[in-house]
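What follows is the residue order along each chain.
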Amino acid sequence: MLIKEVRMLDKLENLSEIDKKILEVSKQEFLEHGFFKTNLDNIALKLKIGKGTIYRHFGKKHTLFLSIVAYMLKLNWLSSKELISKELNFYKSFDIFID
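The structure contained in this document is the topic of the report that follows. (Residues numbered from 1 in each chain as written. Predicted model: local features only at pLDDT ≥ 70, side-chain atom pairs only at ≥ 80, totals over all residues. Heavy atoms only, no water.)

### With respect to the overall build of the protein
Stated formally: Numbering goes from the N terminus for both helices and strands, where a helix is a DSSP run of H or I of at least four residues and a strand is a run of E of at least two. The cut-offs for exposure are 20% and 50% of the maximum accessible area for each residue type, with area from a 1.4 Å probe on protein chains only; residues under the lower value are buried, those over the upper are exposed, and the others partly exposed. Contacts: residue pairs with any heavy atoms within 4.5 Å of one another. Computed by Shrake-Rupley with a 1.4 Å probe, the accessible areas treat only the displayed protein chains as cover when residues are assessed.
Counting secondary structure elements, the protein contains six helices and zero strands. Ordered by position in the sequence, the α and β elements of the protein form the string α-α-α-α-α-α. Evaluated residue by residue, the protein yields a buried proportion of 30% over its 99 residues. Taking the intrachain contacts of the protein between residues at least 6 apart in sequence as the baseline, contacts between residues at least 24 apart amount to 60%. Accessible surface computed for the protein: about 7100 Å², of which carbon and sulfur atoms make up 61%.

### With respect to the pattern of salt bridges
To keep it simple, the criterion reads: When a carboxyl oxygen of Asp or Glu lies within 4 Å of a side-chain nitrogen of Lys or Arg, that pair is called a salt bridge.
Applying the stated rule across the entire model yields four salt bridges. Taking the shortest distance from any N to any O, the salt bridge between K20 and E17 comes out at 3.8 Å. Of the two residues, K20 and E17 are both situated in helix α2 (residues 17-37); the distance of three residues between them amounts to about one turn of the helix. Owing to a relative accessible area of 31%, K20 belongs among the partly exposed residues under this scheme.

### Points about a nonpolar patch on the surface
Heads up, the rule is: Only residues whose relative accessible area exceeds 30% and that take part in no salt bridge are eligible for patches, with like-charged residues grouped when within 9 Å of each other and nonpolar side chains (Val, Leu, Ile, Met, Phe, Trp, Tyr) grouped when within 5 Å.
On the surface, a cluster of nonpolar side chains totalling about 340 Å² of accessible area is made up of F65, L66, V69 and L73. Assignment of secondary structure puts V69 in helix α5 (residues 61-85).

### Remarks on the environment of Y71
In this structure, Y71 sits in helix α5. Sequence separation of Y71 and L23 is 48 residues, and the distance between their C-alpha atoms is 8.1 Å.

### Quick look at the packing of aromatic side chains
Selection criterion: Stacked, tilted and edge-to-face are the three classes applied to pairs of Phe, Tyr and Trp rings, where Trp contributes its six-membered ring and a pair requires centres within 6.5 Å; stacked means planes under 30 degrees apart, edge-to-face means over 60, and tilted covers the rest.
Scanning all chains against the criterion turns up four aromatic pairs. With a centroid separation of 5.8 Å and 10° between ring planes, the pair formed by F30 and F35 is classed as stacked. Classification of F35 as partly exposed rests on a relative accessible area of 26%. Here the aromatic rings of F35 and F65 are separated by 5.5 Å at their centres, their planes lie at 80°, and the arrangement is edge-to-face.

Structure follows, in structure tokens:
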């Protein structure tokens with residue numbers, strides 16, 4: 001079980017467009033309904049794909065959830081890294097990061 005999740009984290013380096021769409025729509029579903037009430041059927045319906053496609057790309061729901069968390073952390077890290085490289089003062093950097 002944990003091996004598949006580690007592989008998912010490696011996969012975050014080269015996400016396909018469908019992977020990104022699945023992550024974005026799933027993120028919204030988890031935010032709106034919470035983990036236990038989020039339904040992969042609803043995510044598939046919104047994306048107009050089969051539920052099997054989600055399982056093929058991310059496996060179980062908990063792996064999808066962990067992938068979303070890792071993806072968001074990665075995006076935030078890249079944003080932070082970009083802000084730091086601009087050598088802006090702290091308040092300006094914080095303001096840009098929040099927006």
